[in-house]
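Here are the chains, one letter per residue:
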Amino acid sequence: MASSIASSFQTSNLRTAFLGERNGLCVSSVPVTRVGFVRKTIECKESRIGKQPIAVPSNVTVMLEGQDIKVKGPLGELSLVYPREVKVERDDSGILKVSKAVETRRANQMHGLFRTLTDNMVVGVSKGFDKKLQMVGVGYRGMLEGNDLVLSLGFSHPVRMTIPDGLKVKVEENTRITVSGYDKSAVGQFAASIRKWRPPEPYKGKGVKYIDEVIRRKEGKAGKKK
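Because the structure is predicted, anything quoted here is derived from the model rather than measured.

Draft legend 1. Fine view of the overall build of the chain. Counting its regular elements, the chain contains three helices and 12 strands. Counting only residues that meet the buried cut, the chain has 30% of its 226 residues in that class. Contacts in the chain between residues far apart in sequence, at least 24 positions, make up 51% of those at least 6 positions apart. Working note: accessible area of the chain is about 16400 Å², and carbon and sulfur atoms make up 53% of it.

Printed below as a string of structure tokens:
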């Protein structure tokens, strides 16, 4: 009996404190402090690739104008526009250095990327890039007809591909194709377009593959042990 009286008394006090009585008494309130947010400073480490200097050969001319860079060499000319997060400078010795203009996460991401793109431009106009492919399969062969690359890949008709400007294609022994040029992106894109027509299959390895590509082979049903 005593415990029930005590519990009802506590319940009444709680109602008085939080809900208020019906007789118009003010409900007691607890002061609430303002919730604050702690701003954490993100430290962006310098990119290991981005901080590496770029050596410019003597036969390459570099022109800097604001966020624009133009690179000209014996094989061609390339240009690139830098975002506002990064900048490129050239010292007295002719070495290019890419650095961050601001300390943000995006600048840290762009730092290494545009250093690599700039280095590819310098190497491309001076030495060039190439991609080599191999055609594997009975009757698979390729040949050049003017500015077109004609491939026989087992379809009912030959595949004809126009060679883009700035690229050179060479066919050796009818099955080996070499794509070369001064723009690394264009070389890789055209080589990927050739491979896309007949990607190598995993059972017999037939198709168009890169020379250094490793194909994971699968065992056919006939080769499984019973």
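Draft legend 2. Structural context of the sheet that holds strand 6 (residues 129-136). One open sheet holds the four strands; their spatial order is 10-11-6-12, and the pairing between them is antiparallel. Since the sheet does not close on itself, it has two edges, and those belong to strand 10 (167-172) and strand 12 (207-210), each with one partner. Ignoring strand direction, the axes of neighbouring strands in this sheet form an average angle of 25°. In the sheet, strand 6 pairs with strand 12 via four bridges, with the strands oriented antiparallel. Bridge pairing in strand 12 links Q134 to K209. Along the sheet face, helix 3 (residues 184-197) touches strand 6, strand 10, strand 11 (176-181) and strand 12 and points at about 5° away from the line of strand 6.

Draft legend 3. Layout of the environment of K100. Structurally, K100 is set in strand 5 (residues 96-100). Residues K100 and G50 lie 50 residues apart in sequence; the distance between their C-alpha atoms is 9.0 Å. At 3.4 Å, the side chain of K100 forms a polar contact with the side chain of E103.

Draft legend 4. The arrangement of the environment of E173 in detail. Of note, E173 is situated in the loop between strand 10 and strand 11. The class of E173 is exposed, set by a relative accessible area of 61%. In this structure, the C-alpha to C-alpha distance between E173 and M143, residues 30 residues apart in sequence, is 9.5 Å. At 3.1 Å, the side chain of E173 forms a polar contact with the side chain of R176.

Draft legend 5. Geometry of helix 2 (residues 105-126). Over its 22 residues, helix 2 extends 33 Å from the first C-alpha to the last, a length consistent with the 32 Å expected when each residue adds 1.5 Å. Taken from the residues just after helix 2, G128 is the one with a positive phi, measuring 90°.

Draft legend 6. The sheet that holds strand 2 (residues 68-72), seen in detail. Spatial ordering of the open sheet is given by 1-2-3, a layout of three strands whose pairing is antiparallel. The sheet is open, and its two borders are formed by strand 1 (61-65) and strand 3 (77-81), each paired with just one other strand. Direction aside, the axes of adjacent strands within the sheet are offset by 15° on average. The pairing of strand 2 with strand 3 spans five bridges and is antiparallel. Directly across from K72, in strand 3, lies its bridge partner E77. Docked against the sheet, helix 2 engages strand 2 and strand 3, running at close to 170° with respect to strand 3.

Draft legend 7. Representation of the side chain of H111. Counting through the fold element by element, H111 comes out in helix 2. Those residues in contact with H111 that lie beyond four places of it in its chain are E46, S47, G50, K51, V86, V98, S99 and K100.

Draft legend 8. Representation of helix 3. Taking 1.5 Å as the rise per residue, helix 3 with 14 residues should run 20 Å; its terminal C-alpha atoms sit 21 Å apart, in good agreement. Listed as buried for helix 3 are V187, F190, A191 and I194. Each buried residue of helix 3 lies within a common arc of 100° when the element is viewed along its axis, so the set occupies one face. Along helix 3, the residues that are exposed and aim more than 90 degrees away from the buried face are S185, Q189 and K196.

Scoring rules and cut-offs
Residues numbered from 1 in each chain as written. Predicted model: local features only at pLDDT ≥ 70, side-chain atom pairs only at ≥ 80, totals over all residues. Heavy atoms only, no water. Helix = DSSP H or I, 4+ residues; strand = E, 2+ residues; numbered from the N terminus. Buried < 20%, exposed > 50% of the residue type's maximum accessible area, 1.4 Å probe, protein only. Contact = heavy atoms within 4.5 Å. Areas by Shrake-Rupley, 256 points an atom, 1.4 Å probe, with all protein chains shown as cover. Pairing = 2+ DSSP bridges. Axes fitted to C-alpha atoms, helices over the stretch in contact; angles between N-to-C directions. Polar contact = N/O pair within 3.5 Å; in protein donor to acceptor, adjacent residues only side chain to side chain. Expected span 1.5 Å × (residues − 1). Arc of directions from axis to C-beta.

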